[in-house]
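# Secondary and tertiary structure notes
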2 protein chains.
Amino acid sequence: MSQKPSPKEPLNILIVEDDPMMRLGLTHSLAPKPTVNVIGAAADGYEGVAMAQAHQPALVLMDVGMPRLDGIAATQQIKHTLPHIRVVMFTSHTEQTEVVAALSSGADGYCIKGTSIDTLMQAITIATTGGIYLDPHIAQQVMACLTPQPQDSIPEHNLSARELEVLKLIVEGYSNPEIGEQLFLSTNTVKTYVKGIMNKLVVNDRVQAAVLALRKGWVH
Amino acid sequence: MSQKPSPKEPLNILIVEDDPMMRLGLTHSLAPKPTVNVIGAAADGYEGVAMAQAHQPALVLMDVGMPRLDGIAATQQIKHTLPHIRVVMFTSHTEQTEVVAALSSGADGYCIKGTSIDTLMQAITIATTGGIYLDPHIAQQVMACLTPQPQDSIPEHNLSARELEVLKLIVEGYSNPEIGEQLFLSTNTVKTYVKGIMNKLVVNDRVQAAVLALRKGWVH
DNA sequence: GGCAGGATCACCCGGTGGGGGGATGTCCAG
DNA sequence: CTGGACATCCCCCCACCGGGTGATCCTGCC
């Protein structure tokens, strides 16, 4: 287990958020909490990185959309120079690319603006202990990103085992006679399979069949 | 936001764990908690799925390594038939493949055995609100899995712009005459390009050229 | 000014690919 | 048991692909 710091001593937090209103709201929301201690607030990524280096907070609450240096780049820099600092993203962006980029940059949590203070506190607590919190709204997206393989539960193959075998060899670059050798078939038979494959895949030649097979992930 | 059920009413929880000792420990650890209510405990995946269907708990605490039906398969079944039930993995497995498989199966959290009751409760709470909790020990692995893309930035092409254009059309499935039409070239010229492409890629036919282009990500 | 290399064309020709057939065998349902 | 669906095999024919060889422009580089 990670070293769990005594919950008695408050957690030093740095807020990085360009919207003054939101910055104020955040600061005042966290101020009354006994477990945390807001040590400062930066208005953009540059300030955020500088203040993080200067004050070494335990955790940074990081907005994503900011002028000059965005939250993702700032997180990367902080994580690069001060890996022990935990970073929780706090943003309204829910697009998968944004989310993945944020997490890839080293963020330890991802909260959506509009969440309750309690939830935010929970994310902070978890990030502090080394875990990761993902907001319900983006959880599915991350999961989807984690599971690229179970694309279609219905392969919609129609291809027989033999045809799949032939298709695999087509992708490998073998000619019909070569495929025949490997499968102990006559070239004519192989051609029949190829015809069947092209019919079922609704393509005109083996190139398109190979491309389809690769794109659909039937073969590698 | 998700519908946050009033925190007053306790959360019905089903425990699925094959080790009798661990099962007992879990049950007794959660019993005194006012926010949760352990409604049962299953000893393997089959029992777990059956009890989940019978009692419809709000959340399932799921072990991974179990006889007959493992936790991942059980989670898939539960999520398939009862998607509203949240599932938190509780296991000692930390291998990346296990973790990813678990999350891919639809789990809403991942705790490592040995964690504190408080952390487990936190994971349960988060999963209930729709979020995802990842244990500190596996967080890095998931992050690593999320960022597989930064492969090599050296295309090592050698292909001229025109050749790339032709290669792209080959992948699209066009024949040489068709490519000629699209690029306003004679078939002979197209053939010259195709020859050049095959020479530079060291392949024998257009199929292998297309496969290479797809695998290397030169075209999509 | 030469020279390399890309882009554009042309011809020949052997082998292959893909479209048309037709032929078995098995297996399952009516 | 009979018929159809399917996988498996075989043959012919010709358009097209791919190898070989060569030509003409143009651009950039030494």
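Residues numbered from 1 in each chain as written. Chains lettered and ligands numbered in written order. Predicted model: local features only at pLDDT ≥ 70, side-chain atom pairs only at ≥ 80, totals over all residues. Heavy atoms only, no water.

Now for the relation of the copies chain B and chain A. In the superposition of chain B on chain A (RMSD 2.8 Å, axial shift 1.9 Å), the rotation amounts to 174°. Expressed as a symmetry operation, the mapping of one chain copy onto the other fits a two-fold axis. Rotation axis and chain B: the residue whose C-alpha lies nearest the axis is Val-207 of chain B, separated from it by 1.6 Å. With an isologous cut-off of 70% or more, the 95% of interface residues of chain B that recur at the interface of chain A puts this contact in the isologous class. (Least-squares fit on C-alpha atoms with pLDDT ≥ 70 in both. Contact = heavy atoms within 4.5 Å.)

Next up on the list: the environment of Ala-74 of chain A. Residues and elements named next belong to chain A. Its location among the elements puts Ala-74 in helix H3 (residues 71-81). Spatially, the C-alpha atoms of Ala-74 and Asp-44 are 8.8 Å apart, while their sequence positions differ by 30 residues. Leaving out residues up to four positions away in the same chain, Ala-74 has contacts with Gly-45, Val-49, Met-62 and Leu-69. (Helix = DSSP H or I, 4+ residues; strand = E, 2+ residues; numbered from the N terminus.)

A few words now on the protein's contact with DNA strand D. Near DNA strand D there are 21 residues, and of these Ser-186, Thr-189 and Thr-192 of chain A together with Asn-176 and Lys-191 of chain B occur at the shortest range. The protein-proximal atoms of DNA strand D, defined as those within 4 Å of the protein, are 62% sugar or phosphate. A distance of 3.1 Å is found between a phosphate oxygen of DNA strand D and a side-chain nitrogen or oxygen belonging to Asn-188 of chain A. In this structure, Asn-176 of chain B approaches DNA strand D through a main-chain N or O atom, which is 2.6 Å from a phosphate oxygen. (Near = heavy atom within 4 Å. Polar contact = N/O pair within 3.5 Å; in protein donor to acceptor, adjacent residues only side chain to side chain.)

Right, let's get into the interface of chain B and chain A. With 41 residues of chain B in contact, the opposing surface of chain A contributes 40 residues. Here chain B packs against chain A, burying approximately 3,300 Å² in sum over the two surfaces, 66% of which is carbon and sulfur. Counting across the chain B and chain A interface gives zero salt bridges. Our count for the chain B to chain A interface comes out at four residue pairs in polar contact (both at pLDDT 80 or more). Counting only elements with at least two residues in the side of chain B that touches chain A, the list comes to helix H4 (96-104), helix H5 (117-128), strand E6 (132-134), helix H6 (136-146), helix H7 (161-172) and helix H10 (206-216) of chain B. Grouping the amino acids of the side of chain B that touches chain A by side-chain chemistry returns 20 nonpolar, 14 polar and seven charged. (Buried area = accessible area lost by both parts, 1.4 Å probe. Salt bridge = Lys/Arg side-chain N within 4 Å of Asp/Glu carboxyl O. Nonpolar A, V, L, I, M, F, W, Y, C, P; charged D, E, K, R; others polar.)

Turning to helix H5 (residues 117-128) of chain A, a few remarks are in order. Residue and element names in this part refer to chain A. With twelve residues, H5 extends 16 Å from end C-alpha to end C-alpha; this agrees with the ideal 16 Å at 1.5 Å per step. Of all twelve residues making up H5, nine are buried, and the element is well covered by its neighbours. Positive backbone phi, approximately 105°, marks Gly-130, located one or two places after H5. (Expected span 1.5 Å × (residues − 1). Buried < 20%, exposed > 50% of the residue type's maximum accessible area, 1.4 Å probe, protein only.)

Another aspect to go through is the packing of helix H8 (residues 176-183) of chain A against helix H9 (residues 187-201) of chain A. Residue and element names in this part refer to chain A. It is the contact of H8 with H9, at a shortest axis distance of 8 Å, that shows an interaxial angle of 105°. Here H8 lies roughly perpendicular to H9, going by the angle between them. For the pair H8 and H9, the contacting residues are Asn-176, Pro-177, Ile-179 and Gly-180 in the first and Thr-187, Val-190, Lys-191 and Val-194 in the second. Taken together, the residues of the contact of H8 with H9 sort by class into four nonpolar, three polar and one charged. (Axes fitted to C-alpha atoms, helices over the stretch in contact; angles between N-to-C directions. Parallel < 35°, antiparallel > 145°, perpendicular 65-115°, else oblique.)

In a beta sheet, neighbouring strands pair by backbone hydrogen bonds and run either parallel or antiparallel. Within the open sheet, the twelve strands sit side by side as E2(A)-E1(A)-E3(A)-E4(A)-E5(A)-E6(A)-E6(B)-E5(B)-E4(B)-E3(B)-E1(B)-E2(B). Their pairing is mixed. Across the chains shown, the open sheet's two edge strands, defined by having one partner strand only, are strand E2 (36-42) of chain A together with strand E2 (36-42) of chain B. Taken pair by pair, the neighbouring strands of this sheet meet at an average axis angle of 25°, ignoring direction. Pairing of strand E1 (residues 11-16) of chain A with strand E3 (residues 59-62) of chain A involves four bridges; the strand directions are parallel. Residue pairing for E3 of chain A: Leu-14 of chain A is matched across the bridge by Val-60 of chain A. Together, strand E1 (11-16) and E2 of chain B form the strand contacts of helix H2 (residues 45-55) of chain B, whose direction differs from that of E2 of chain B by roughly 135°. In the packing of helix H3 (residues 71-81) of chain B onto the sheet, the strands contacted are strand E3 (59-62) and strand E4 (86-91) of chain B, and the crossing angle to E4 of chain B comes to about 175°. (Pairing = 2+ DSSP bridges.)

Attention now moves to the protein's contact with DNA strand C. The local shell around DNA strand C holds 18 residues, among which Lys-191 and Lys-195 of chain A together with Ser-160, Arg-162 and Tyr-193 of chain B are the closest. Within 4 Å of the protein, atoms of DNA strand C come from sugar and phosphate in 56% of cases. Here a phosphate oxygen of DNA strand C and a backbone polar atom of Ser-186 of chain B are 3.2 Å apart. At 2.8 Å from a base nitrogen of DNA strand C is found a side-chain nitrogen or oxygen belonging to Thr-192 of chain B. Elements represented by at least two residues in the surface near DNA strand C include exactly H8 and H9 of chain A together with helix H9 (187-201) of chain B. Here the residues of the surface near DNA strand C are counted per class, giving five nonpolar, eight polar and five charged.

Our next topic: the nonpolar core. Membership of the largest hydrophobic core comes to 58 residues, with the highest contact counts inside it found for Met-62 of chain A together with Met-62 of chain B. In this structure Met-62 of chain A touches Val-16, Gly-71, Ala-74, Thr-75, Ile-78, Val-87, Val-88, Met-89 and Phe-90 of chain A, once residues within four positions along its chain are discounted. (Core = buried A, V, L, I, M, F, W, Y, C linked by side-chain atoms within 4.5 Å.)

Residues and elements named next belong to chain A. Scanning all chains against the criterion turns up 16 salt bridges over all chains. Here Lys-113 makes a salt bridge to Glu-17, at a shortest N to O gap of 2.9 Å. Separated by 96 residues along the polypeptide, Lys-113 in the loop between strand E5 (109-112) and H5 and Glu-17 in the loop between E1 and helix H1 (20-30) bring together distant segments of the chain. In this structure Glu-17 comes out as buried when scored by relative accessible area, which is 1%. For Glu-163, the salt bridge identified is with Lys-200, shortest N-O distance 2.8 Å. One end of the pair, Glu-163, is in helix H7 (residues 161-172); the other, Lys-200, is in helix H9, and 37 residues separate them in sequence. With relative accessibility at 35%, the residue Lys-200 sits in the partly exposed group.

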